[in-house]
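# Per-entry structural report
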Amino acid sequence: MLKQVEGSAAVAEAVALCRPQVICAYPISPQTHIVEGLGRLVSAGTLKPCEFINVESEFAAMSVAIGASAAGARAYTATASQGLLFMAEAVFNAAGLGLPIVMTVANRAIGAPINIWNDHTDALSQRDCGWIQLFAEDNQEALDLHIQAFRLAEELSLPVMVCMDGFILTHAYERVDMPTQEQVDAYLPPYEPRQVLDPADPVSIGAMVGPEAFMEVRYLAHAKQRQALDLIPAWAGEFKRVFGRESGGLTHTYKLDDAETVVVALGSVLGTIKDTVDEMRAEGTRIGVLGITCFRPWPTAAVRAALAKAKRVVVLEKSLAVGLGGIVSNNVSAAYPGSPDDVHAVIAGLGGRAITRGSLRKVFGQAVDGKLDPVTFLDLDYSIVDRVLKREREQRRSGPIAEAILREIGVVAAKIG
Amino acid sequence: MSHQPIRFYQTGTFTVGNRLLPTEERSVQAKLRRTNSLNSGHRACQGCGEALGARYAIDAAMDATNRQLVAANATGCLEVFSTPYPETSWQIPWIHSLFGNAAAVATGIAAAMRVKGRSEVRVVAQGGDGGTTDIGFGCLSGMFERNDDVLYLCYDNEAYMNTGVQRSSATPPAARTNTTMPVGDSLGNRFGQGKNLPAIAMAHEIPYVATATVAELHDLEAKVRHAMEFRGARYIHILVPCPLGWGHGSAETIRMARLAKETGLFPVFEAQHGEVTGVSKIRRQLPVEEYLRPQTRFAHLFKPPGHPEVIARLQQLADRNIRRFGLLDATEAGS
């Protein structure tokens, strides 16, 4: 059914259709509306049987989900930013134990400085934690990926993180096609755990493992993630059969056939990128787009195939490997059949900095002209940074870092344009 | 097999052998159908108080729940010495997740059982004092305030023994640990610090809070069984001496636990909904020195020239417990 709803509400409704049995809620912007929505559905008796637990921290949220999942319940939680980091120990633990928890991450920057706006630093900081990580391009896909995530998680007995851009998607009202309960039930069978805490058949879960077996346990997690590279496209296909639309999969391609320049990105910024590419195409530039839906496992073969004809690659990423440059671009380089020198990282949109078509056109144009640096910081005001660095050279007590930048800017306002 | 007839009488002790008791009063551990939930063959040290306490507590919980029990375990000695496969000692469904989240994992298990309509399955969480009073405190307090249907068992050996004896917030004043060494002017762990977890649990007004020691295993079993009669959050704090960390002989574990209680340093009581409902009286009060002297963690207090002023402060703590909980009968208190 077509609806005009907030992204968070759409996700809450989709998660409810997946019949989660235990939901752990801890508030953090911009995820909060999702668990609020689910809480209302549980209180109203629309979603039942379901235990909705208001926990005292994100660490507890993931820990309660671990217990619930190990006891055979379908478990769900949502978080963002600092919350994801606060639960990081349990995030790794859920993956290590092989528990099929599904979690939404409403992507948001990590402090300090504290910042509630969107980028991908939170999810990418956990890229090696063992969770499958899916990135939604729009609200329809965010909704759809959750339904696919439960199926994927439970088949592989691995946790799945569905990432959607904070505010840009979570708080945006868009038209979505909400599936029926019958459709979701047809796609997602009841949870049949591979391991379960049951007095009728006692097992020990989470025992100490020494050097004699640890490598094999870790390899098994890796092998399962590689299996997911086959299952994700297969279930996206089945999803289309049941729901009648394309959603999910490993990657999305756009105007790639003859593209000499390919822009790679994750999440909602793909919309702006496609608009920019359309403009440049109209002017005769052979440029296309590769959207990464599945970041973990990294779809090496799919990326390699998509970039086979590209002369240069621009990876536009909302994350920064401090001291190196790009995170996504490093992954892309590993899959790009050409020279790594032709893979350019463009760090953009950190802390919610607007990514505009104008700026994208400029940087894509530089790439086409062979003038783009290996690492570029989109719309960075170097003059401010240089003045702060100068003061630090001159003054020992140069003061708090972020406050020095704000003082240089002079007004507290979003920098747009 | 019927129970054996009484063959002898013990005199001069306060302990009662099982064979002197009617069948219904005998310990769970004395039953032929005891569950051996924490089975033999684990890797605990000789004289480990925690292994003893856990075995009695979990077997009693199994007995009280008709064997419908699941356990969540914090990281620590108990987790390390009882695993790994194929040598796990646990005969019950058991999960270890992390150091600081046993209470939250147990909440999740209880929620899963409720949602699946299996409310007959009961849940315990267990951890040492570090996993309970320090790193697991947030999750524990959350579980308490939500009144989740979990019995939390804290095996308190008063320091981080698994990592090699470091101070926790349950370490008593003046005790030597590897992070409170009595060197220079230091006389071990500082006075005026530490947490009283049973009191904090009571402040949450949860249905049931109790303390126990491995010196009174009947009492421990009875409290676990009693705890299982309640729904909601319950907490039992069990003093479990550690020969390694306390520096006493491995045959002295029970005696140390008894001395902790008989000196008043460890009050043994029960509480419901935030109010004390019963105390185990001190039968024969002893000065704290009797408890401190056999433990090398307090040896620095007795080296010449000695530190009677520190021992006096510890005696004051014991006396305060005795006053607060009324641990002596009126006649004894006045004498």
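As shown above, the structure is provided for reference.
A brief look at the structure comes next. (Residues numbered from 1 in each chain as written. Chains lettered and ligands numbered in written order. Predicted model: local features only at pLDDT ≥ 70, side-chain atom pairs only at ≥ 80, totals over all residues.)

Summing up its helical and strand segments, chain A has 15 helices and 16 strands in all. In terms of principal-axis extent, the alpha carbons of chain A reach across some 70 × 55 × 55 Å. Counting all 417 residues of chain A, 50% fall into the buried class. For chain A, long-range pairs separated by at least 24 residues make up 77% of all intrachain contacts whose partners lie at least 6 apart in sequence. (Helix = DSSP H or I, 4+ residues; strand = E, 2+ residues; numbered from the N terminus. Buried ≥ 20, exposed ≤ 12 C-beta atoms within 10 Å, placed from the backbone. Contact = placed C-beta atoms within 7 Å.)

Another point: the overall build of chain B. From N to C terminus, chain B includes 12 helices and eight strands. At 20 Å, chain B has a C-alpha radius of gyration in line with the 20 Å of a compact globule built from 335 residues. Seen through its C-alpha atoms, chain B measures out along the principal axes to roughly 65 × 50 × 40 Å. Expressed as a percentage of its 335 residues, the buried residues of chain B come to 52%. (Rg over C-alpha atoms; globule rule 2.2 N^0.38 Å.)

Here we take up the interface of chain B and chain A. With 37 residues of chain B at the interface, the matching set in chain A holds 35 residues. At the level of secondary structure, the elements contributing two or more residues to the side of chain B that touches chain A comprise β1 (69-73), β2 (94-96), α3 (102-115) and α5 (137-145) of chain B. Of all the elements, α3 of chain B adds the most residues to the side of chain B that touches chain A, at 11 residues. Its residues assigned to classes, the side of chain B that touches chain A shows 22 nonpolar, 12 polar and three charged. Pairing between strand β9 (residues 204-205) of chain A and β2 of chain B: two bridges, direction parallel. The residue bridging serine 204 of chain A from the neighbouring strand is tryptophan 94 of chain B, located in β2 of chain B. (Nonpolar A, V, L, I, M, F, W, Y, C, P; charged D, E, K, R; others polar. Pairing = 2+ DSSP bridges.)

The next thing to look at is the environment of leucine 169 of chain A. All names here are of chain A. Along the polypeptide, leucine 169 turns up in the loop between β7 (160-165) and β8 (173-177). Note on leucine 169: 27 C-beta atoms within 10 Å, which makes it buried. Sequence separation between leucine 169 and glutamate 56 is 113 residues; the distance between their C-alpha atoms is 26 Å. Among residues more than four places away in sequence, those in contact with leucine 169 are Gly7, Ala136, Asp138, Asn139, Ala142, Met164 and Ser268.

For the rest of this paragraph, the subject is the nonpolar core. Residues Ala106 and Ile109 of chain B are the most contacted members of the largest nonpolar core, which totals 231 residues. Counting residues per element, this core draws most heavily on α3 of chain B, at 11 residues. Each of domain 1 (2-243) and domain 2 (251-377) of chain A gives at least three residues to this core. Contact partners of isoleucine 109 of chain B, with chain neighbours within four places excluded, come to Gly67, Ala68, Ala70, Ala71 and Leu197 of chain A together with Val70, Ala72 and Val123 of chain B. (Core = buried A, V, L, I, M, F, W, Y, C linked by C-beta atoms within 7 Å. Domains from an automatic or database assignment.)

Turning to the sheet that holds strand β14 (residues 312-317) of chain A, a few remarks are in order. Residues and elements named next belong to chain A. Sheet architecture is open: six strands sit in the order β10-β12-β11-β14-β15-β16, paired in mixed fashion. Both outer strands of the open sheet, β10 (251-254) and β16 (375-377), are each paired with one neighbouring strand and no more. Looking at each pair of strands side by side, their axes are set apart by 20° on average, direction ignored. As paired strands, β14 and strand β15 (residues 343-347) are joined by five bridges and run parallel to one another. Residue pairing across strands places valine 314 opposite histidine 344, the latter belonging to β15. Across the sheet, helix α12 (residues 328-335) touches β11 (261-265), β14 and β15, and the angle it forms with β14 is around 150°. (Axes fitted to C-alpha atoms, helices over the stretch in contact; angles between N-to-C directions.)

Fair warning: the whole summary comes from geometry, so function is off the table for now.
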